[in-house]
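# Examining the three-dimensional arrangement
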Amino acid sequence: RLDPRHAGSYLEMALVQTMSGNWAKSEAYFKQSLEADPNDPDTLNFYSVTLSNLGRLKDALVMRERLRTVEPFLPTYNITTAGIMQLNGQGAASIPILEPIPPDAAGGIRRSVYLARAYAEAGRYAAAADTLQLIASTAISRKSVEDAARLLRVAPAKSASPQSRPVLEDLLNFVYVY
């Protein structure tokens, strides 16, 4: 039996259910965790990510806003918040959240990709390219980063044929839109 005063226990149960694909049970546990501690940053974080993965983007954004009031300075939380804001059509509003985060902070790849995506959406293609070039991780190949930056520098020009476009790695596919 779980102690109803301990949010962490319910959070762990919610995560187990989430990983098992038992969404209704996971949501019930997330809600119980928040009943025990409405400001538990880990619960707010994981619950919002789960909601986002389920396509409940507006609900996820509400959780992210609560999280930012509780824990406004943790870079990884802010990076995820910015990503969910972008999924909700708030790319421009995500820029001031992402800009102060150092590119080499935990989650720096996502920070740079999300910031570049927001810049590109705003028509700031050179800034988007410069931001991508700050990616120092080997999780994305340097060639893919350079190709994406090159495409952004000539945006909004369109390539004559899809066959002439370089193959970009997963996180960089947003560049094709511009």
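One can find the structure itself at the top, above this paragraph.
Before going into details, it helps to say that this report is about the structure given with it. The model shown is predicted, which means the values in this text are computed figures rather than measured ones. (Residues numbered from 1 in each chain as written. Predicted model: local features only at pLDDT ≥ 70, side-chain atom pairs only at ≥ 80, totals over all residues. Heavy atoms only, no water.)

Summed over the entire model, instances satisfying the criterion amount to three aromatic pairs. Ring plane angle 15° and centroid distance 4.8 Å describe the contact between Phe30 and Tyr47, whose orientation is recorded as stacked. Residue Phe30 is found in helix 2 (residues 23-36), and its partner Tyr47 is found in helix 3 (residues 41-53); the two are separated by 17 residues along the sequence. As far as burial versus exposure is concerned, Phe30 and Tyr47 are alike and both buried. (Phe/Tyr/Trp six-rings, centres within 6.5 Å; stacked < 30°, edge-to-face > 60°. Helix = DSSP H or I, 4+ residues; strand = E, 2+ residues; numbered from the N terminus. Buried < 20%, exposed > 50% of the residue type's maximum accessible area, 1.4 Å probe, protein only.)

Our focus in this paragraph is the environment of Ser137. Relative to the elements of secondary structure, Ser137 occurs in the loop between helix 8 (125-132) and helix 9 (142-154). For Ser137, a relative accessible area of 29% puts it in the partly exposed group. With 29 residues separating them along the chain, Ser137 and Gly108 place their C-alpha atoms 8.5 Å apart. Polar side-chain contacts of Ser137 include one of 2.9 Å to the backbone nitrogen of Ala139. (Polar contact = N/O pair within 3.5 Å; in protein donor to acceptor, adjacent residues only side chain to side chain.)

Nonpolar side chains in soluble globular proteins generally cluster together in the buried interior. By size, the foremost hydrophobic cluster in this structure holds 47 residues, and its most contacted members are Val113, Leu132, Leu152, Leu172, Phe174 and Val175. When residues in this core are grouped by element, the largest group, eight residues, is from helix 7 (residues 108-121). Look past the residues within four positions of Phe174 in its chain and what remains in contact with it is Val113, Ala116, Arg117, Ala120 and Leu132. (Core = buried A, V, L, I, M, F, W, Y, C linked by side-chain atoms within 4.5 Å. Contact = heavy atoms within 4.5 Å.)

Turning to the environment of Ala118, a few remarks are in order. Positionally, Ala118 belongs in helix 7. The contacts of Ala118, once residues within four sequence positions are left out, are Gln86, Gly91, Ser94 and Ile95.

Contact geometry of helix 7 with helix 8 gives a least axis separation of 7 Å together with a crossing angle of 170°. It follows that helix 7 is roughly antiparallel to helix 8 by the angle criterion. Contact residues: Arg111, Ser112, Val113, Leu115, Ala116, Tyr119 and Ala120 in helix 7; Tyr125, Ala127, Ala128, Thr131 and Leu132 in helix 8. For the contact of helix 7 with helix 8, the class distribution of residues is nine nonpolar, two polar and one charged. (Axes fitted to C-alpha atoms, helices over the stretch in contact; angles between N-to-C directions. Parallel < 35°, antiparallel > 145°, perpendicular 65-115°, else oblique. Nonpolar A, V, L, I, M, F, W, Y, C, P; charged D, E, K, R; others polar.)

In this section: helix 5 (residues 75-87). The first and last C-alpha atoms of helix 5 sit 19 Å apart over 13 residues, in line with the 18 Å expected at 1.5 Å per residue. Among the 13 residues in helix 5, 10 count as buried, and that is most of the element. Residues Tyr77, Asn78, Ile79, Thr80, Thr81, Ala82, Gly83, Ile84, Met85 and Gln86 constitute the buried set of helix 5. The inward-facing, buried residues of helix 5 abut helix 3, helix 4 (57-70), helix 6 (91-98) and helix 7. Where helix 5 terminates, the next one or two residues include Gly89, which has phi positive at roughly 80°. (Expected span 1.5 Å × (residues − 1).)

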